[in-house]
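Examining the three-dimensional arrangement
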Amino acid sequence: TKYVYDFAEGNKDLKDLLGGKGANLAEMVRIGLPVPPGFTITTEACREYLAEGRPPAELAGQVGAHLTALEQKMGRRLGEPADPLLVSVRSGAKFSMPGMMETVLNVGLTDASVHGLAARSGNERFAWDSYRRLIQMFGKTVCDVPGDAFEHAMDEVKGERADIDLDAAELRTLVGTFKTIFAEHTGREFPQDPREQLKLAVNAVFDSWNAERAVLYRRQERIPADLGTAVNIVAMVFGNLGPDSGTGVAFTRDPATGARGVYGDYLANAQGEDVVAGIRNTVGLHELEQLDKKSFDELMGIMSTLEGHYRDLCDIEFTIEAGKLWMLQTRVGKRTAAAAFIIASQLVDEGMIDLDEALRRQSGARLAQLMFPTFDETAVDKPIAKGIAASPGAAVGHVVFDSEQAAEQAARGEKVILVRRETNPDDLPGMIAAQGILTSRGGKTSHAAVVARGMGKTCVCGAESVEVDLAGKRFAVGDVTVSEGDLISIDGTTGAIYLGEVPVKPSPVVRYFDGDLPADADTLVAAVHRMLEHADLRRRMAIRTNADTGADAARARRFGAQGIGLCRTEHMFLGERRTMVERLILADGEDEQQRALDALLPLQRDDFAEIFRAMGGLPVTIRLIDPPLHEFLPPLEELAVEVATAEHPDPHREALLAAVHRMHEQNPMLGLRGVRLGLVIPGLFGMQVRAIAQAAAKVRAEGGEARPEIMVPLVGAVQELEAVRADAERILAEEGMTGTPIGTMIEVPRAALTAGQIAEAADFFSFGTNDLTQMGWGFSRDDVEGSFFSRYLELGVFGVSPFETLDRDGIGRLVRIAVQEGRQVRPDLKIGVCGEHGGDPESVRFFDEVGLDYVSCSPFRVPVARLEAGRARL
Ligand code: ADP
Ligand code: MG
Ligand code: MG
């Protein structure tokens, strides 16, 4: 097997094998950009290493051969005492996991070669600085020496000075100290054989795939756990050679807003990890123009080449060694949800991509983010401080200063804002748990910014006026002090930081959907409008909504709903109407029962009429009552206590208590509900059918349009549906509404498996995927989340809760069978879905694939479903 690829052999499409970093380094070499030579060990080697606990047998030989070739190209040998070649050993998985895995720089330095490096570069200071970095990084990442140990030793020598102020002699002493620290913690000397250093570093990178924080990040980002990382061996170039050297990171556009321009941070006389770690304050990239015009111009040229080549926003890492520019990394950059829409739209305007490609690059999850509310600035005082708007959103929470505590408090259901000077990968659990992240240092490319953006979490970074006092658990801005536990609000769209809780208002995107903002209101709204229009053009499926009030229905329609796929009727029995339901339940004999139903009928009729009016002739699927009736009665214990402690006996309450006892069920979700209720309490469904028919007639009489569809819940056998249908048809005929479609939910597994029979009696199907999942897996939807689901996710039984994303293999199979067998019997059978999954991006894709006619989801999910249904067709 070929486990090693020279950069000259790879390209950007080999991410599976070479990881993102390796594939893109190869691509940059391919298009002639200045990349230091190197090679990549494949993810396949990593997978074998992780499975076997040791590298594949052929790996050492192949690495050796590529190393020799590299040495020949560079005219130097790895760690050669007189004139050493140094390399970096860099992780790089298929999906970028910023800072989650390990990288070791300056591999090849030893007690002997450090002198060679000093002699060749004529720079003692640089040589010792590089050596102390190697011992530090190698110690930390390869041998698990606690990083603090090195940092304390360095702080002692440094005092108040910055790290660049250390001179050669001090650094040399520091190397001695570092070696002692290394030996103390590992029980061995720092390895003096360059090839051993290399081998250990490679294995450490392999191992870092399973580092705790990497595992956590993957789970959060839903990156598969079995991909493994590639390892890149890259000839070192040095940004720490002096003032005419340096290192930086940049984006080809602003990743927060999509605005075109030059965005990046630069740090003179430093090695790469210094920038991300926020060791010293960086300067804006434009200052490089003053420092080194030639390199700056070359960099601008390369950035535009990369944008043109990748047809997208790219982020890059570069290093300047004594006036010579080197590219060390590029990738299609992470961006905020807003920027994703704006950039894609810009690229269409620039003729770089077409609308299909622009749509392909969007996601429903991102659109959903843009629909979250934003702060209402008119309702607050001035912010206490402003930082850099790194990742948008409006976050409110109690201030917390450490990751672990943030995670703990969040687990108790508290909302927290994690405040740090800067974050590092160990802060990941806290970042995940927090509503938002606030840092006092670091720019748009800092760890906090990059990770927050990737997770879609609100982040304000680099708020320099915020002085964080970690030990004192407080921060100060001027004379304002904010202590742990205080409530603050941070705005990731503007960078503003407020004391207390700021009220929120609808986002511009929602205001646009609501018709309160025109489509050309701003660049974001215009871009969202454009993508949704294109999605509407492409999609095959219709989008309906789940709504049971006129107001919800009207809103969903403004959001683009083409009908109601699920109008629940049980909400219409709540509130004051409970007493009517009680009367129905307690009714003594058919007459009394009928009177109770007669009282409900006009109310139901008005409910339905309101909805028909809001939908103006679009189809409205009304589900007959579904939950067990005792849900409308007071809880057993409450009632029992009330009756037992009453001063005077109340016969009505006593009768009610008796009824509650009588109707009690061990498994109410599998009990007397849905169609069963309709068959056991004659007249209940009938009353609803009559109300529907009369409401439609009424709206038509007013000159409006009404298109009701009657849906029967919980059917498991065709006989159930036939019985309900016969009764309903009789009533519809009496009301002059013959021809109103009557269909059924498919939510009991047996219904899916006998769909061919059921289709004989159904004009349409609508999958109730919540119940279908619940009954298909045998999971109680109301109980699992807090109980064993986290364990199941950990074990990989499923990657995401099947209540969130439809389980294709199991429940999806039931759906497929029902669609196929239903349509065999009745080719024009209309089929939709009205469970929670109707608004889930992944599931929408599946429903398109199996040929459903529509998905129905909550009003706020309608735009998401439109977008995803369009993307599903590309
Ligand atoms: P990460 O994936 O965490 O960004 P990298 O492998 O990109 O880690 O490396 C960390 C830092 O070291 C980056 O800033 C990178 O530019 C720098 N670096 C990596 N390899 C080299 C090299 N061969 N010469 C100089 N700097 C390097
Ligand atoms: Mg990098
Ligand atoms: Mg159901």
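Residues numbered from 1 in each chain as written. Chains lettered and ligands numbered in written order. Predicted model: local features only at pLDDT ≥ 70, side-chain atom pairs only at ≥ 80, totals over all residues.

Once that is clear, we can look at the overall build of the chain. Scanning the chain from terminus to terminus reveals 35 helices and 33 strands. Counting only C-alpha atoms, the chain reaches 105 × 65 × 55 Å along its principal axes. By residue count, 51% of the 874 residues in the chain fall in the buried class. The contacts in the chain between residues at least 6 apart in sequence include a share of 68% that link residues at least 24 apart. (Helix = DSSP H or I, 4+ residues; strand = E, 2+ residues; numbered from the N terminus. Buried ≥ 20, exposed ≤ 12 C-beta atoms within 10 Å, placed from the backbone. Contact = placed C-beta atoms within 7 Å.)

Right, let's get into the packing of helix 5 (residues 124–143) against helix 8 (residues 194–208). In contact at an axis separation of 9 Å, helix 5 and helix 8 are set at 50° when each is read in the N-to-C sense. If you check the angle between helix 5 and helix 8, you find them oblique. With respect to the hand of their crossing, helix 5 and helix 8 are arranged in left-handed fashion. On helix 8, the residues that touch Phe 138, Thr 141 and Val 142 of helix 5 are Gln 197, Leu 200, Ala 201 and Ala 204. When grouped by side-chain class, the residues that make up the contact of helix 5 with helix 8 number 5 nonpolar, 2 polar and no charged. (Axes fitted to C-alpha atoms, helices over the stretch in contact; angles between N-to-C directions. Parallel < 35°, antiparallel > 145°, perpendicular 65-115°, else oblique. Left-handed = near helix turned anticlockwise from the far one by under 90°. Nonpolar A, V, L, I, M, F, W, Y, C, P; charged D, E, K, R; others polar.)

Moving on, we get to the environment of Thr 330. Here Thr 330 is to be found in strand 12 (residues 324–332). In this structure Thr 330 comes out as buried when scored by C-beta crowding, with 27 C-beta atoms within 10 Å. For Thr 330 and Val 249, which are 81 residues apart along the polypeptide, the C-alpha to C-alpha distance reads 9.6 Å. When residues no more than four places from it in sequence are discounted, the contact partners of Thr 330 are Asn 24, Met 28, Leu 306, Cys 314, Asp 315 and Ile 316.

The next point concerns the packing of helix 21 (residues 550–558) against helix 23 (residues 590–615). Running from amino to carboxyl end, helix 21 crosses helix 23 at an angle of 15°, the nearest separation of the two axes being 8 Å. Considering the angle they form, helix 21 stands roughly parallel to helix 23. Here helix 21 runs over helix 23; the crossing is right-handed. Residues Gly 550, Ala 553, Ala 554 and Arg 557 of helix 21 touch helix 23, and the partners they reach there are Glu 610, Ile 611, Arg 613, Ala 614 and Met 615. In terms of residue class, the contact of helix 21 with helix 23 is made up of 5 nonpolar, 1 polar and 3 charged.

Close reading of the predicted structure is inappropriate where its pLDDT is low. Model confidence for the chain is summarised by a mean pLDDT of 93, while 99% of its residues fall at 70 or above. In the model output, the complex is listed with pTM 0.85 alongside ipTM 0.96. (pLDDT = per-residue confidence, 0-100.)

The tendency in soluble globular proteins is for nonpolar side chains to be buried side by side. The biggest cluster of nonpolar side chains holds 258 residues, and the ones touching the most others in it are Ile 417 and Val 855. Apart from the residues within four sequence positions on either side, Val 855 is in contact with Met 541, Ile 543, Gly 832, Val 833, Gly 838, Val 844, Phe 847, Ala 865 and Ala 869. (Core = buried A, V, L, I, M, F, W, Y, C linked by C-beta atoms within 7 Å.)

This part covers the sheet that holds strand 29 (residues 707–712). The sheet built from 8 strands closes into a barrel, its strands ordered 26-27-28-29-30-31-32-33 with parallel pairing. Between one strand axis and the next, the sheet turns by 30° as a mean value, whatever way the strands run. When strand 26 (residues 542–546) meets strand 27 (residues 564–568), the two strands line up parallel, connected through 2 bridges. Among the inter-strand pairings, Thr 545 is bridged to a residue of strand 27, identified as Ile 564. On the sheet, helix 33 (residues 811–825) packs against strand 30 (742–746), strand 31 (764–767) and strand 32 (830–833) and is oriented at approximately 175° with respect to strand 31. (Pairing = 2+ DSSP bridges.)

So, about helix 20 (residues 523–538). An ideal rise of 1.5 Å per residue puts 22 Å on 16 residues; helix 20 measures up with 23 Å between its terminal C-alpha atoms. Of the residues making up helix 20, those classed as buried are Leu 524, Val 525, Ala 527, Val 528, His 529, Met 531, Leu 532, His 534 and Ala 535. Against helix 13 (337–349), helix 14 (355–360), helix 15 (364–370), helix 19 (508–513) and helix 35 (862–871) lie the buried residues of helix 20. (Expected span 1.5 Å × (residues − 1).)

This next bit is on the pairing of strand 28 (residues 619–623). Counted residue by residue, strand 28 has 5 buried out of 5 residues, so it is predominantly covered. Direction of pairing for strand 27 relative to strand 28: parallel, over a ladder of 3 bridges. Within the sheet, the bridge partner assigned to Arg 568 lies in strand 28 and is Arg 623. As defined by bridge partners, strand 28 adjoins strand 29 across 5 bridges and the pair is classed as parallel. By the bridge assignment, Thr 621 is partnered in strand 29 with Glu 709.

Along the chain, Glu 654 turns up in helix 25 (residues 651–663). For the pair Glu 654 and Ala 640, spaced 14 residues apart in the sequence, the C-alpha separation amounts to 8.6 Å.

A separate point is the site of ligand 1. What surrounds ligand 1 is a group of 17 residues, the closest being Ser 88, Arg 90, Thr 103, Val 234 and Gly 272. Looking at the shell around ligand 1, the elements that each hand over two or more residues are strand 5 (87–93), strand 6 (103–107), strand 7 (229–235), strand 11 (314–321) and strand 12. Taken together, the residues of the shell around ligand 1 sort by class into 7 nonpolar, 7 polar and 3 charged. Counting contributing residues per domain, the shell around ligand 1 is built from domain 1 (4–235) and domain 2 (246–332), each supplying no fewer than three. (Near = placed C-beta within 6 Å. Domains from an automatic or database assignment.)

Attention now goes to the sheet that holds strand 2 (residues 38–41). In any sheet, the strands associate via hydrogen bonds between backbone groups, in a parallel or an antiparallel arrangement. Ordered by their spatial adjacency, 5 strands build an open sheet running 1-2-7-5-6, and the pairing between neighbours is antiparallel. Both edges of this open sheet fall to strand 1 (4–6) and strand 6, since each of them pairs with a single strand only. Averaged over all neighbouring strand pairs, the angle between strand axes comes to 20°, with direction disregarded. When strand 2 meets strand 7, the two strands line up antiparallel, connected through 4 bridges. Pairing of Thr 40 across the sheet is with Asn 232, part of strand 7.

This part covers the UniProt feature "binding site: substrate" (unreviewed entry) in the chain. Here the UniProt feature "binding site: substrate" (unreviewed entry) sits at Arg 568, Arg 623, Glu 747, Gly 768, Thr 769, Asn 770 and Asp 771. Note on Arg 568: 17 C-beta atoms within 10 Å, which makes it partly exposed. If we skip the residues at most four places from it in the chain, Arg 568 touches Asp 548 and Arg 623. Examined against the element boundaries, Asp 771 turns out to sit in helix 31 (residues 769–777). (UniProt positions renumbered as here; feature names shortened; annotations may be inferred.)

Below, the discussion takes up unusual backbone geometry. Although it is not a glycine, Asp 144 sits at a positive phi angle of roughly 60°. In this structure, Asp 144 sits in the loop between helix 5 and helix 6 (147–158). Residue classification places Asp 144 among the exposed residues on the basis of 11 C-beta atoms within 10 Å. The phi angle at Leu 714 is positive, at roughly 65°, despite the residue not being glycine. As for its position among the elements, Leu 714 is in the loop between strand 29 and helix 28 (718–734).

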